[in-house]
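Spelled out from the first residue to the last, the chains are:
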Amino acid sequence: MKVMLKKDKKAAVRPSKGSFRARAVRDWKMNRYKYLIVLPVLIYLAVFCYKPMYGVVIAFQNYRVRLGISGSEWVGLDQFKAFFNDIYFWRLLRNTFSISGLSILFGFPMPILLALLLNEVRVKWFKKTVQTISYMPYFISMVVVCGLISSFCRTDGVLNDIITFFGGERRNLLSEKGLFYPIYVISGIWQSIGWDSIIYLAALSGIDQEQYEAAKVDGAGRIRQIVSITLPGLMPTITILLILRLGSILSVGYEKILLLYQPLTYETADVISTYVYRKGILESNFSYSTAVGLFNSLVNICFLLAANRLGKKISETGLF
Amino acid sequence: MGKSTVKRGLAILMVSIMAVSMAGCGGKSKSSDAGVSSGETVTQEAGNSSETGDSTANAEGEIVSYPLSTQDELTIWSNVLKPEQSYTDYTQSPFHTGLEEKTGVKVKWEFPTEGSDPTQAYNLLLAGDKLPDIIWWSFLNDGDAQRLIDEGVIRDLTELLPKYAPNYWKFLQENEHYDKSMKTDEGNYYGIGSFREDAWQATYAGPVIRKDWLDALKLEVPQTIEEWDTVLKAFKENYNATFSFTSARMAPGMASGFNAFGTFGLTTYLTSEGKVQIAQVQPEWKNYMAKLQEWYKSGLIDSDIATLDDTGVRTKALNNEVGASVTSTAQLSNWIADAKAEGTGAEWIGVPYPVETKGSVVHAIQAEDMVSPYCAVVSTACPEEKLETALRWLDYGFTEEGFLYWNYGEEGKTYTMEDGEPKFTSLIMEAPEGISSALDKYCGTQWTCIGVQALNMVRQKNAKESIAAVDTWIANTDYQNYLYPAGVSMTTEEANEYSTVFNALNTYVSEMSLKYLVGEEALDGYDQFVKKLQDMGLERIIDIKQTAYDRFLKR
């Protein structure tokens, strides 16, 4: 009975008999609405993501707007060489990886933790309230958040009041290069912990409750339940999100850094995108920024592929 | 049953709130449209008085009278002179429509979309098919006018200016600096620019101090650095107030007190022999930094300066935490207004830039070139037949009546002549939306123009404290001898080489100068600092700028 149903189901989706043409026609007849729904998205991807890709060739040119792509001279890898030979190249790379890495290291587990904790709460109104409050900061504009951070870090700001209460000295916290990473990461966690935890809470609700009951019968405590049931249940979601996150490791959101940094913290805060931004103010060098962007994308792809490989090895889940 | 109706009602309420707030996005306020159109008709009638005679035969080089009798229509793309915000487009702006009448030429204005990046819009314009007749852009900043001529984008105006823009031509011949700025190194004239009548208009920022505190402590306005020492220490002791500023405003800041020429960012200047130099590699700058470091360590300089912006300094000023600063006249007006509103009794005045020895002349003040980086060019898309109209329209600002119109608007409406000097009427001076907005509506020289910005106009529009401040700053200076001109242009190879190194150099200088300020780096390491700059390619930068400057002089 079960086997027959399975076969029927398969036939409804993917016709397996006949020549290619016959199969294609039947496929269309049976699934045409699905294709139609996907069509706008495919057109969008084709026009906005794939078609402009050829523009990446300007990374190998000395692009002049007036002459266009066909008219601009080819310089091969010169733009890349200019970027790699820049005095600050290694510092920029180091800073970008550091900020990204620390954000992932500390910022990635936090929403999971919040989701796990919220999952344990039985009092419904408390759970809902905490959820709502925790994802409100996500909607505050980055500019406003950075304005708040600036104010708090001033010599006469709230954070310094707390520091002096514990006997420390007053100083402008955003001027210290050593403090830039903590400020950046912690404010990032504060802003996105609620929103990111939503997807984990959704995944948690998909875990079979019977397993918990079975575990309780076997005498497992709460912690044991979390470790043995919840976490493995969340693994696929965690893996996929981690892979996606690693796939944008070099694309550190520059707006926040741009708003928080200044020359005293360049040593730790200046990342590839902010440096190229400052360079761009001087000249509209499209080729240079395209070359840097291409470099960023290539590194991101490497990380994405590596993470995917690793994910498959560890938890049998991968993006592709 | 009741519960689901409540839920439904709430849902509908939420959706309608969202829909209403969506409507609030975008679109300018249309409320003032009605008032504007009635005002506009008044302008049209009053404007008829200028239709004195018809233009004489437009013979070459002859000065014709306006309005021109022509059917030609011009298109202009511009990043400046946008109609005042309450107008939906230029057809409602009294200045733009009035200009059309006075010159007799219909002009279609195109501006980059509000909120878009102007540089991108400009690049897209150049890359597109249809160029407008006139492009008004900061060509002096880009420095690539010759290349645009060579590529056939804009017209070489050398032959045409004497023929069709005689007033402007005469104006250039009478002023060497302006003449050099408006042509390329090859000697080709390419644009009709925007100029200032007097050096007074080129400066708008400088040192300011709490006068009431000075009086209370029986101190004089400080002139030398030693006197500044005394004043700042006194402010700290008696009022716990500091010397605070936005680092961006410290250009050149207090450098004149040491005969230095810059503070935090890489600054180019000319020595008295006309040689190009970088401020940060001069020993004078080292002494200047040493002093600033001393002040910072003693707590005389605000420890927040690295992260403050204008608003931050303004708040601190209002809270009586600031005794002295370096800021712009606009900010100064804000501080004075704040003090009045809160009744703090604070009195802010502009004070002279410090000097090394009493009585010497200040060599470095905050000032721009007398030539604006913006100029109007005629594109190759403008057909031969329209060239004369285009140039004569551009020439208007350099005629006597054009000068008056651009600066002051309509006689009788926005200004009256008193003792031979134009004086703004209450329509401008007591405008409820503020003088600045009123000027945006009726006049065209507040920011950048196609013509000359009158000194009298700027003096009238500024608050008296600002006027007094600028008077003080400009009183005792010969800064123009040391200013690197805005009209210098580099060749493409030079520009490429320059840009490869400049960003790295500027980053290094910005970092190190702030580190010297806060004491993170000791000034003993100054020689290594200079050596590192040389290694990074500083000599090359100076060479390039020197060669470009020499070419400028030879034009």
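Here the residue numbers are simple positions, counted from 1 along each chain's written sequence. Chain A is the first chain written and ligand 1 is the first ligand written, with later ones labelled in order. Per-residue local features are limited, in this predicted model, to residues with pLDDT of at least 70; the limit for side-chain atom pairs, both in listing and counting, is 80 or more; totals at the level of whole chains, interfaces and linings are taken over all residues. Only heavy atoms go into the side-chain values, all of them from the structure, while hydrogens and water stay out.

**Some points on the pairing of strand 4 (residues 192–196) of chain B**
Residue and element names in this part refer to chain B.
- Buried, partly exposed and exposed residues are distinguished by accessible area as a fraction of the type maximum, computed with a 1.4 Å probe on protein chains only: under 20%, between the cut-offs, and over 50%, respectively. Labels follow the DSSP assignment, with helices taken as runs of H or I lasting at least four residues and strands as runs of E lasting at least two, numbered in each case from the N terminus. Among the five residues of strand 4, five are classified as buried, and the element is accordingly described as predominantly covered.
- Burial along strand 4 is two-sided: the residues Ile192, Ser194 and Arg196 and Gly193 and Phe195 are all buried.
- As defined by bridge partners, strand 4 adjoins strand 14 (residues 451–453) across three bridges and the pair is classed as parallel. Bridge pairing links serine 194 to glycine 451 in strand 14. Note: two strands are recorded as paired if DSSP finds a minimum of 2 bridges between them.

**Section: a positive patch on the surface**
- Within this analysis, patches are made of residues with over 30% relative accessible area and no salt bridge. Like charges are joined at 9 Å or less; nonpolar side chains (Val, Leu, Ile, Met, Phe, Trp, Tyr) at 5 Å or less. Where accessible areas are quoted, they stem from the Shrake-Rupley method and a 1.4 Å probe; at the residue level, only the protein chains shown are allowed to cover. By definition, a salt bridge exists where a carboxyl oxygen of Asp or Glu is found within 4 Å of a side-chain nitrogen of Lys or Arg. Note on charges: Lys and Arg go in the positive column, Asp and Glu in the negative column, and His and the chain ends are not counted at all. One atom stands in for each charge, and that atom is NZ of Lys, CZ of Arg, CG of Asp or CD of Glu. The grouping of Arg23, Arg26, Lys29 and Arg32 of chain A at the surface amounts to a positive patch.
- Looking at where arginine 26 of chain A falls in the secondary structure, it is placed in helix 2 (residues 20–50).

**Overview of the interface of chain B and chain A**
- The contact definition used throughout considers only heavy atoms, calling two residues in contact when any of these lie within 4.5 Å. Tallying the contact residues gives 34 residues for chain B and 28 residues for chain A.
- Buried area is a sum: the accessible area each of two parts loses on coming together, probed at 1.4 Å, counted once for each and added. Of the roughly 2,700 Å² buried where chain B meets chain A, counting both sides, 53% is carbon and sulfur surface.
- Interface area lost by chain B to chain A is led by Thr307, Asn503 and Glu511 of chain B, which between them contribute 20%.
- Our enumeration of links across chain B and chain A arrives at three salt bridges.
- Ionic pairing is found between arginine 91 of chain A and glutamate 511 of chain B, a salt bridge with its closest N-O pair at 2.6 Å.
- Two N or O atoms count as a polar contact when they lie within 3.5 Å, although within protein this holds only if one can serve as hydrogen donor and the other as acceptor, and sequence-adjacent residues are included solely when both atoms are side-chain atoms. Our count for the contact surface shared by chain B and chain A stands at twelve residue pairs in polar contact (both at pLDDT 80 or more).
- Listing elements by their share of the side of chain B that touches chain A, those giving two or more residues are helix 4 (118–127), helix 13 (310–318) and helix 21 (492–518) of chain B.
- Looking at the side of chain B that touches chain A, the element that brings in the most residues is helix 21 of chain B, giving 15 residues.

**Points about the confidence of the model for chain B**
Residues and elements named next belong to chain B.
- On average, chain B scores 87 in pLDDT, and the residues at 70 or more come to 92%.
- The pLDDT value expresses, per residue, how confident the predictor is, ranging between 0 and 100. Confidence drops under a pLDDT of 50 for residues 24–59, and excluding neighbours within four residues, the segment shows 39 contacts in the predicted structure.
- In the predicted assembly, ipTM is 0.79 and pTM is 0.81.

**Section: empty space enclosed by the protein**
All names here are of chain B.
- A cavity, in this analysis, means grid points on a 1 Å lattice covering only the protein atoms where a 1.4 Å probe fits yet has no way out; a pocket is instead an open set bounded by protein on both sides within 12 Å along at least five of seven lines, and a residue lines either one if it has an atom within 4 Å of a point. Grid points are joined across faces, edges and corners, and a volume is the space filled by probe spheres set on the points. Going through the model one piece at a time under the given rule, you end up with two cavities of 30 Å³ or more.
- As a volume, the largest cavity reaches approximately 60 Å³.
- Considering the residues around the largest cavity, the lining is formed by Arg314, Ala317, Leu318, Asn320, Trp335, Asp338, Ala339, Thr344, Ala346 and Trp348.
- Per-class residue counts for the lining of the largest cavity are six nonpolar, two polar and two charged. Residues are grouped as follows: Ala, Val, Leu, Ile, Met, Phe, Trp, Tyr, Cys and Pro are nonpolar; Asp, Glu, Lys and Arg are charged; every other residue, Gly included, is polar.

**Regarding the sheet that holds strand 6 (residues 242–243) of chain B**
Residue and element names in this part refer to chain B.
- Judged by pairing direction, the sheet is mixed, and its four strands sit side by side in the order 6-9-5-10 without closing on themselves. The open sheet has two edge strands with one neighbour each: strand 6 and strand 10 (348–350).
- In this sheet, strand 10 lies alongside strand 5 (residues 205–210) in antiparallel orientation, the contact comprising three bridges. Opposite valine 208, over in strand 10, you have glycine 350 as the bridge partner.
- With axes taken as lines fitted to C-alpha atoms, and helix axes fitted only over the stretch in contact, angles between N-to-C directions fall between 0 and 180 degrees. Contacting strand 5, strand 6 and strand 9 (322–328), helix 11 (residues 225–239) crosses the sheet at an angle of about 50° to strand 5.
- Against the sheet, helix 14 (residues 329–342) contacts strand 5, strand 9 and strand 10, and its axis sits at roughly 140° relative to strand 9.

**Observations regarding the packing of aromatic side chains**
- Aromatic contacts are taken between Phe, Tyr and Trp rings whose centres are within 6.5 Å, Trp giving its six-membered ring; a plane angle under 30 degrees counts as stacked, one over 60 as edge-to-face, and the others as tilted. For the structure on display, the rule yields 60 aromatic pairs over all chains.
- Their ring planes at 45° and their centres at 5.2 Å tell us that phenylalanine 171 of chain B and phenylalanine 398 of chain B sit as a pair that is tilted. Of this pair, phenylalanine 171 of chain B sits in helix 8 (residues 166–173) while phenylalanine 398 of chain B sits in the loop between helix 15 (384–395) and helix 16 (400–408), placing them 227 residues apart in sequence. Neither phenylalanine 171 of chain B nor phenylalanine 398 of chain B differs from the other in exposure class; each is buried.
- Considering the side-chain rings of phenylalanine 261 of chain B and tyrosine 482 of chain B, the 5.4 Å spacing of their centres and the 35° angle between planes classify their relative orientation as tilted. A residue pair is termed long-range when its members are at least 10 positions apart, and phenylalanine 261 of chain B in the loop between strand 6 and strand 7 (268–270) and tyrosine 482 of chain B in the loop between helix 20 (464–475) and helix 21 qualify at 221 residues. Accessibility assignment for this pair places phenylalanine 261 of chain B and tyrosine 482 of chain B in one class, buried.
- Three or more aromatic residues joined by ring pairs form one cluster here, namely Phe83, Phe84, Phe89, Trp90, Tyr288 and Phe295 of chain A.

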